[in-house]
Amino acid sequence: MKHANIAFFVPHAGCPHRCSFCDQHAISGEAQPPSPDEVCQTLSGILQQQNHRETEIAFFGGSFTAIERKTMVALLKAASVFIGPGRFSGIRISTRPDAIDREVLSILQAYRVTSIELGAQSMDERVLLLNHRGHTAQDVRRACSLIRETGFSLGLQMMTGLYGDTDTGALQTAKELAALHPDTMRIYPTAVLRGTGLERLFREGAYRPPGVEESIPLCAELLRYFTSHGIRVIRMGLHASPELEERLVAGAYHPAFRELCEGELLYIEMKRRLQTLLPGAYRITVHPTMVSRAVGQKKRNLQRLQAAGYHLLVRQENSLPVAALNIDRL
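Everything numeric in this text was worked out from a predicted model, so none of it was measured.

**Q** Now, about the pattern of salt bridges: what can you tell me, with residues and values included?
**A** Tallied over the entire structure, the rule returns 18 salt bridges. With a shortest N-O distance of 2.9 Å, Arg-96 and Asp-98 are connected by a salt bridge. Arg-96 sits in the buried class, given a relative accessible area of 3%. For Asp-98, a relative accessible area of 32% corresponds to the partly exposed category. Of the charged contacts, one joins Arg-304 and Glu-264 as a salt bridge, the two residues approaching to 3.0 Å between their closest N and O atoms. Within this pair, whereas Arg-304 is found in helix α13 (residues 300–307), its partner Glu-264 is found in helix α11 (residues 257–274), the two being separated by 40 residues in sequence. Assessed through its relative accessible area of 27%, Arg-304 is described here as partly exposed. Under the relative-accessibility criterion, Glu-264 is labelled buried at 9%. Salt bridges sharing partners connect three or more residues here, namely Glu-56, Arg-92, Glu-117 and Arg-186.

**Q** Which residues make up unusual backbone geometry, and what values do they have?
**A** Within the chain, Gln-121 stands out as a residue other than glycine whose phi angle is a positive 70°. With respect to the helices and strands, the residue Gln-121 is situated in strand β4 (residues 113–121). Not every positive phi belongs to a glycine, and His-132 is a case in point at roughly 55°. Tracing the backbone shows His-132 in the loop between α5 (125–130) and α6 (137–150). A relative accessible area of 47% places His-132 in the partly exposed class.

**Q** Any details on the side chain of Ser-122? Residues and values, ideally.
**A** With respect to the helices, strands and loops of the structure, Ser-122 is situated in the loop between β4 and α5. At 3.0 Å, the side chain of Ser-122 and the backbone nitrogen of Asp-124 are in polar contact. When near neighbours in sequence (up to four residues on either side) are disregarded, Ser-122 contacts Val-127, Leu-128 and Thr-173.

**Q** Account for the nonpolar core, with residues named and values stated.
**A** The nonpolar side chains of soluble globular proteins are, as a tendency, buried together. Core analysis: the largest hydrophobic core is formed by 63 residues, its most contacted members being Ile-57, Phe-59, Ile-116 and Phe-226. Of the residues forming this core, the biggest block, nine residues, is contributed by helix α9 (residues 212–228). When near neighbours in sequence (up to four residues on either side) are disregarded, Phe-59 contacts Phe-8, Val-10, Val-39, Phe-64, Leu-75, Leu-76, Ala-79, Ile-91, Arg-92, Ile-93 and Ser-94.

**Q** Please give an account of the side chain of Thr-184 that cites residues and values.
**A** With respect to the element layout, Thr-184 can be found in strand β6 (residues 184–189). If near-sequence neighbours (up to four positions away) are discounted, Thr-184 is found in contact with Arg-92, Leu-154, Gly-155, Leu-156, Ile-231, Arg-232 and Ile-234.

What counts, and at which threshold
- Residues numbered from 1 in each chain as written.
- Predicted model: local features only at pLDDT ≥ 70, side-chain atom pairs only at ≥ 80, totals over all residues.
- Heavy atoms only, no water.
- Salt bridge = Lys/Arg side-chain N within 4 Å of Asp/Glu carboxyl O.
- Buried < 20%, exposed > 50% of the residue type's maximum accessible area, 1.4 Å probe, protein only.
- Helix = DSSP H or I, 4+ residues; strand = E, 2+ residues; numbered from the N terminus.
- Polar contact = N/O pair within 3.5 Å; in protein donor to acceptor, adjacent residues only side chain to side chain.
- Contact = heavy atoms within 4.5 Å.
- Core = buried A, V, L, I, M, F, W, Y, C linked by side-chain atoms within 4.5 Å.

Quick look at the structure:
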């Protein structure tokens, strides 16, 4: 099921910390948070265009439950009148793990919030400290327990390639986050943006962020891991925007990062199955939506398999399930 939302960004609002990686103006493309009137006008216009009953209204970008309480309530009040039959399905907010308590959850319930996402980023205390997160892994566990207890849908976000982290550490974070039973996950490989603490470390030579190619195998494995545990991964990599690309210094940013990871998983499966066959020419048949993933960016999957002696012709078949992969000798 495709995840959809109408997103409003509240950059840095309410956040008591400036994490090493954070430049939310670049990430969101927004310099100022929306006003309640702007929220109403935007949602009214969208509803006039089509029915969005499966779509959530979302407040992203800052630490929503840490902003000034009057502002938070005003934004929620403006959005909540658009929830109901023939309108939007609910409200999704993102916030910090240490900005969740029973009082704020009761307010969110009153204004028809349905989903809460927490920026966990890592469950390694050392990595959290090095990147100035200002919260602990235990804060993540405590907040998840309260959110689950109160009946909200739970979403978690994690990052890879942070200063001081390793692939092994990221996989351990994934295991600990999966144990908290989130409904959804977002996976963000680190992108170093101008004006952040990570840029300073990068310029000083103290930090070398993994690039796109280095990040694909790890993030593909994370996608496989969460999916195998029944957790929907609703985002991989930062949303593309001119502001982000203008401020990008280094790291793992690609506008189609998820497709690259899905292509890696498909390559691994093709390789596994071909290794049981003699080298030669084969036809790979997939659903039309999977052709580009089977081929790989710049035909990388075909080239890697050809180097192992397998010459492939990729064909599409509408009747095949999306996850199906047929291999026939030519």
